[in-house]
Amino acid sequence: MADQNRGMRRATFPTSVSRPVASPIQPSVVYASPDPDALDRQYAGEASGYTYAREGHPNADVLAGLLDQAEGATGGIVTGSGMAAVSAALLANLSAGDHAVGADQLYGRSLRLMKEDLPRLGISTSFADPTDVSSIAAALRPETRIILIETVSNPTLRVADVEGIIRLGNDRGVLVAVDNTFTTPRGLQPLALGADIVIHSVTKLLAGHSDATLGYAAAADRDVAERMSVLVQTMGLTPSPFDCWLAERGMYTFDLRYERATANAARLADALAEMKGVERVLYPARPDHPDHNRATALLAGEGGHMVSFEVKGSRDAANALVRAMPDIAFAPTLGDIGTTLSHPATSSHRALTPEERDALGISEGFFRVSVGCESAETLIERFRRGVEASRSA
Ligand SMILES: *Cc1c(COP(=O)(O)O)cnc(C)c1O
């Protein structure tokens with residue numbers, strides 16, 4: 001080993017009068033201060049700087065700045081996963097004795113957090129239909145503190161009455177948190193409509209390459225934001241610098257990917273609707289979608305990058321469809337650069353009883369597609385092959 005390393009002296013990072021164009025990755029866990037006075041000033045908030053990575057680091061702040069810009073937010077927080085952001089939004093604003101209302105088709109883990117974990121902490125929860133504001137209103141109690149909804153639900157792509165629920169929350173002094181993952185800030189900016197909190201699984205279309213697990217939460221009110229930030233630091237929900245760096249890179253192409261994926265999704269939805277063997281297509285921008293009018297008003301007519309559809313038949317038909325489309329990753333995620341396909345009956349909604357799945361219209365032939373950035377023609381051809389295979393199964 002070289003002599004100069006014997007005393008474990010750290011190397012000096014070279015300086016440059018020219019600056020790097022891409023952000024550096026800063027994995028350092030700790031930051032050394034010149035002396036206790038300097039450290040004191042930093043902790044007192046008189047000097048800016050970092051101390052310990054769990055409490056914050058440059059790559060998280062760079063990414064938070066880009067996400068804030070996208071959502072029209074200030075002071076948003078990046079977390080180690082989308083679920084960390086959901087947890088922060090709920091746990092920072094709820095105490096034992098409080099009540100929370102969730103949308104009845106929330107992301108599986110969010111539902112689990114509200115159904116299993118919050119009640120264990122003395123927080124009661126109930127669930128209601130977010131496409132119908134009167135259903136949410138009926139679930140409110142004097143001790144309700146927060147309502148958690150998703151703009152567009154999984155996997156039936158129902159569009160919540162976001163504006164109505166925000167008005168209701170404001171009238172009743174109840175926080176409204178909107179998980180905007182499926183919609184992205186290009187489809188809707190909940191804070192601009194008056195939501196109290198916006199949440200993202202950055203893992204999905206924002207980061208966009210299925211290689212970073214991250215979340216984001218931002219609040220309109222500074223106290224709410226501060227409570228979430230402290231909770232994230234205390235519970236260690238902090239993201240990894242490398243993941244933040246990957247997601248920063250993804251953010252620079254987010255607009256391009258969003259536009260391509262959304263245009264592809266609209267074309268795929270229409271093409272699927274014409275294919276023999278396809279029973280129904282769910283895409284919010286199509287006139288046959290149950291929330292078409294709301295999507296037109298709320299999402300400026302954009303249907304987003306998610307499409308669901310149903311083919312005739314049972315598990316055999318579903319297997320045949322997936323096997324005939326080897327170029328489309330059959331994986332329970334969304335927002336990748338390439339199209340991915342998921343089968344809710346065996347993945348996200350497998351814990352439901354067949355009757356519960358029936359009530360949601362999730363049959364064995366039901367698929368959810370996260371449309372990617374391939375050429376639309378190639379994509380439609382691949383799905384045509386899959387649907388044909390399901391018909392002969
Ligand atoms: C994926 C997802 C989450 C959870 O995000 P992770 O990054 O996987 O923890 C939360 N809400 C929605 C709507 C999601 O799609």
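Parameters and conventions
Residues numbered from 1 in each chain as written. Predicted model: local features only at pLDDT ≥ 70, side-chain atom pairs only at ≥ 80, totals over all residues. Heavy atoms only, no water. Helix = DSSP H or I, 4+ residues; strand = E, 2+ residues; numbered from the N terminus. Rg over C-alpha atoms; globule rule 2.2 N^0.38 Å. Buried < 20%, exposed > 50% of the residue type's maximum accessible area, 1.4 Å probe, protein only. Contact = heavy atoms within 4.5 Å. Areas by Shrake-Rupley, 256 points an atom, 1.4 Å probe, with all protein chains shown as cover. Lys, Arg positive; Asp, Glu negative; His and termini not counted. Charge placed at Lys NZ, Arg CZ, Asp CG, Glu CD. Pairing = 2+ DSSP bridges. Axes fitted to C-alpha atoms, helices over the stretch in contact; angles between N-to-C directions. Near = heavy atom within 4 Å. Polar contact = N/O pair within 3.5 Å; in protein donor to acceptor, adjacent residues only side chain to side chain. Nonpolar A, V, L, I, M, F, W, Y, C, P; charged D, E, K, R; others polar. Phe/Tyr/Trp six-rings, centres within 6.5 Å; stacked < 30°, edge-to-face > 60°. Patch = residues over 30% accessible without salt bridge, like charges linked within 9 Å, V, L, I, M, F, W, Y side chains within 5 Å. Salt bridge = Lys/Arg side-chain N within 4 Å of Asp/Glu carboxyl O. Domains from an automatic or database assignment. Buried area = accessible area lost by both parts, 1.4 Å probe.

### Side note on the overall build of the protein chain
Move 1: Tallying secondary structure elements over the protein chain gives 14 helices and 12 strands in all.
Move 2: Against the 2.2 N^0.38 benchmark of 21 Å for 393 residues, the protein chain shows a C-alpha radius of gyration of 23 Å, consistent with a compact globule.
Move 3: Overall, the protein chain is about 75 × 60 × 35 Å in size when its C-alpha atoms are taken along their principal axes.
Move 4: Relative to its full complement of 393 residues, the protein chain shows a buried share of 50%.
Move 5: A separation threshold of at least 6 residues defines the contact pool for the protein chain, and within that pool the share at least 24 residues apart is 72%.
Move 6: Total accessible area computed for the protein chain in this model is approximately 18,600 Å², and 50% of it derives from carbon and sulfur atoms.
Move 7: Between the averaged position of the 37 positive side-chain charges in the protein chain and that of its 48 negative side-chain charges there is a distance of 5 Å.

### Thoughts on the sheet that holds strand β12 (residues 366-370)
Hydrogen bonds between backbone groups are what pair the strands of a sheet, and the pairing can be parallel or antiparallel.
Move 1: Read across the open sheet, the 5 strands follow the order β8-β9-β12-β11-β10; overall the sheet is mixed. Only two strands of the sheet have a single partner each, and these edge strands are β8 (278-282) and β10 (329-330).
Move 2: One ladder, built from 3 bridges, connects strand β11 (residues 340-342) with β12; its direction is antiparallel. Among the inter-strand pairings, Ser 342 is bridged to a residue of β12, identified as Arg 368.
Move 3: Of the strands in this sheet, β9 (306-311), β10, β11 and β12 are in contact with helix α12 (residues 315-323), which crosses β12 at around 25°.
Move 4: Helix-sheet contacts for helix α14 (residues 376-391) involve β8, β9, β11 and β12, and the interaxial angle to β9 is about 25°.

### What about the site of the ligand?
Move 1: Looking at the ligand, there are 13 residues lining it, with Gly 82, Met 83, Asp 179, Thr 203 and Lys 204 nearest.
Move 2: Between an oxygen atom of the ligand and a main-chain N or O atom of Met 83, the distance comes to 2.8 Å.
Move 3: The separation between a nitrogen atom of the ligand and a polar side-chain atom of Asp 179 is 2.7 Å.
Move 4: Contact with the protein chains covers 92% of the free accessible surface of the ligand, which is 380 Å².
Move 5: Class assignment for the residues of the shell around the ligand results in 5 nonpolar, 5 polar and 3 charged.

### Considerations on the packing of aromatic side chains
Move 1: On inspection of all chains with the given rule, the structure shows 5 aromatic pairs.
Move 2: Here the aromatic rings of Phe 242 and Trp 245 are separated by 6.0 Å at their centres, their planes lie at 15°, and the arrangement is stacked. You can see Phe 242 and its partner Trp 245 sitting in helix α9 (residues 241-251), 3 residues apart, about one turn around the helix.
Move 3: The partly exposed category is assigned to Trp 245, whose relative accessible area is 21%.
Move 4: With a centroid separation of 5.8 Å and an interplanar angle of 25°, the aromatic rings of Phe 309 and Phe 367 are classed as stacked. Here Phe 309, found in strand β9, pairs with Phe 367, found in strand β12; they are 58 residues apart in sequence, far enough to count as distant.

### Let's talk about a negative patch on the surface
Move 1: Residues Asp 35, Asp 37, Asp 40 and Glu 46 make up a contiguous surface patch of negative charge.
Move 2: Here Asp 40 shows up in helix α1 (residues 36-43).

### Regarding the domain arrangement of the protein chain
A common measure of how large an interface is: the accessible area buried when the components associate.
Move 1: Domain annotation of the protein chain identifies domain 1 (57-251) and domain 2 (254-392).
Move 2: The C-alpha centroid of domain 2 is placed 25 Å from the C-alpha centroid of domain 1.
Move 3: Contacts between the two partners involve 31 residues from domain 1 and, on the opposite side, 30 residues from domain 2.
Move 4: Together, the buried faces of domain 1 and domain 2 total about 2,700 Å²; carbon and sulfur atoms form 61% of this surface.
Move 5: Counting across the interface, domain 1 meets domain 2 through 3 salt bridges.
Move 6: Joining domain 1 to domain 2, the criterion identifies 16 residue pairs in polar contact (both at pLDDT 80 or more).
Move 7: When residues of the side of domain 1 that touches domain 2 are traced back to their parent elements, those giving at least two are α6 (162-172), α7 (184-187) and α9.
Move 8: Split by residue class, the side of domain 1 that touches domain 2 holds 14 nonpolar, 12 polar and 5 charged.

### Thoughts on the pattern of salt bridges
Move 1: Applying the stated rule across the entire model yields 14 salt bridges.
Move 2: In this structure, Arg 145 engages Asp 98 in a salt bridge whose closest nitrogen and oxygen atoms are separated by 3.4 Å. Taken together, the residues Arg 145 in strand β4 (residues 144-150) and Asp 98 in the loop between α3 (82-91) and β2 (99-103) connect sequence positions 47 residues apart.
Move 3: As a salt-bridge pair, Arg 384 and Glu 381 come within 3.5 Å of each other at their nearest N and O atoms. Residue Arg 384 and its partner Glu 381 are both found in helix α14; the two are separated by 3 residues, about one turn of the helix.
Move 4: Look at Glu 381 and you get partly exposed, because its relative accessible area is 36%.
Move 5: Connected through shared salt-bridge partners, Arg 186, Asp 255 and Glu 259 make up one network.

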